[in-house]
Amino acid sequence: MLDSDVLLKQADQQCQERGVRFTPIRRRVLEMISDTPGGLKAYDLLDRLSDEHASARPPTVYRALDFLIEQGLVHRIESLNAYIACPCPEHVHRFQLLICRHCGRVEELHQEVVGEMLSRTARERGFTIQRQTIELLGACDACVENGSASSD
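Cut-offs and rules
- Per-chain numbering applies: the sequence of each chain, read as written, is numbered from 1 onward.
- Totals for whole chains, interfaces and linings use every residue, but because this is a predicted model, local features are given only for residues with pLDDT of at least 70 and side-chain atom pairs only at 80 or more, for both listing and counting.
- Only hydrogens and water are set aside when side-chain values are computed; all heavy atoms of the structure are taken into account.
- Under the scheme used here, helices are H or I runs from DSSP no shorter than 4 residues and strands are E runs no shorter than 2 residues, and both carry numbers assigned from the N terminus.
- In the analysis that follows, any N or O atom pair within 3.5 Å is treated as a polar contact, provided that within protein one partner can donate a hydrogen and the other can accept it, and provided that, for residues neighboring in sequence, both atoms belong to side chains.
- Pairs of strands are assigned from DSSP output, requiring at least two bridges between the strands.
- Lines fitted to the C-alpha atoms define the axes, with helices restricted to the stretch that makes contact. Angles between their N-to-C directions range from 0 to 180 degrees.
- Note that the domain bounds reflect an automated or database-derived domain assignment.
- The contact rule is simple, with two residues in contact once any of their heavy atoms fall within 4.5 Å.
- Buried area adds together the accessible area that both of two parts lose upon being put together, with accessible area traced by a 1.4 Å probe.
- One side-chain nitrogen of Lys or Arg within 4 Å of one carboxyl oxygen of Asp or Glu is enough to make a salt bridge.
- Remark: nonpolar core denotes a set of buried residues (Ala, Val, Leu, Ile, Met, Phe, Trp, Tyr, Cys) joined through side-chain atoms within 4.5 Å.
- Exposure is judged per residue with a 1.4 Å probe applied to protein chains only, and the accessible area is read against the type maximum: over 50% gives exposed, under 20% gives buried, and values in between give partly exposed.

Student: Looking at this structure, I do not really get the environment of histidine 102. What am I missing?
Tutor: Within the secondary structure, histidine 102 is located in the loop between strand E3 (95-100) and strand E4 (106-109). For histidine 102 and leucine 80, which are 22 residues apart along the polypeptide, the C-alpha to C-alpha distance reads 13 Å. Here the side chain of histidine 102 touches serine 148 through a polar contact of 3.3 Å, landing on its backbone oxygen.

Student: Help me out: how do you make sense of the sheet that holds strand E5 (residues 133-138) in this one?
Tutor: Whether parallel or antiparallel, the strands of a sheet pair through hydrogen bonds between backbone atoms. Within the open sheet, the 3 strands sit side by side as E4-E3-E5. Their pairing is mixed. Where the open sheet ends on each side, the last strands, each with one partner, are E4 and E5. On average, each strand axis in the sheet is inclined to that of its neighbour by 20°, with strand direction left out of account. Pairing of E3 with E4 involves 4 bridges; the strand directions are antiparallel. Pairing of isoleucine 99 across the sheet is with valine 106, part of E4.

Student: What is the right way to read the domain arrangement of the protein chain from this model?
Tutor: Segmenting the protein chain into domains produces domain 1 (4-85) and domain 2 (96-146). Inter-centroid distance (C-alpha atoms) of domain 1 to domain 2 is 22 Å. Each partner contributes to the interface: domain 1 provides 8 residues, whereas domain 2 provides 9 residues. When domain 1 packs against domain 2, close to 650 Å² is buried across both sides, 57% of that on carbon and sulfur atoms. For the pair domain 1 and domain 2, the number of links is 0 salt bridges. For the pair domain 1 and domain 2, the number of links is 3 residue pairs in polar contact (both at pLDDT 80 or more). Looking at which element gives the most residues to the side of domain 1 that touches domain 2, the answer is strand E1 (residues 74-77), with 3 residues.

Student: Can you walk me through the nonpolar core in this structure?
Tutor: One recurring pattern in soluble globular proteins: nonpolar side chains tend to sit buried together. One finds Phe22, Val29, Leu30, Ile33, Leu45, Leu65 and Leu68 to be the most contacted residues of the largest nonpolar core, which totals 24 residues. Listed by contribution, the elements that provide at least two residues to this core are helix H1 (4-18), helix H2 (24-34), helix H3 (42-52), helix H4 (58-70) and strand E2 (82-85). Top contributing element to this core by residue count: H4, with 5 residues. Leaving out residues up to four positions away in the same chain, isoleucine 33 has contacts with Leu40, Leu45, Leu65, Val74, Tyr83, Ile84 and Ala85. Core analysis: the next-biggest nonpolar cluster, separate from the first, contains 5 residues, Ile77, Ile84, Phe95 and Leu97 among them.

Structure (structure tokens):
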């Protein structure tokens, strides 16, 4: 699991450097996501946030998520429709996600050669990549070892 305090300090610093506002709601959304291994769905986030802020509504959550994604602080896991905190927001974002289908663990990889190869192939075919999300679904070693992944 990510260290929320470190992640929040990085986010504060990055937002200051970029001249963007890291509001209390955005900060709390990032904190909740970073405290949840395997990601958090928007409506689960809304439920948690509305316990603390009675005025929290779906647009509030989606605006915060859009901001956090734009700043590289959060990634959307397309296959799970969930959000995870990025452990290295300063990194150029061509990344891959390893997702355990059994325990929900998510690990972010930065295999630049994969991103470069896809970008080069796309350019050769007259295509410009605007966003690249690669999700690899499978079983982590812990689930394989404890038998919970034996049905695969």
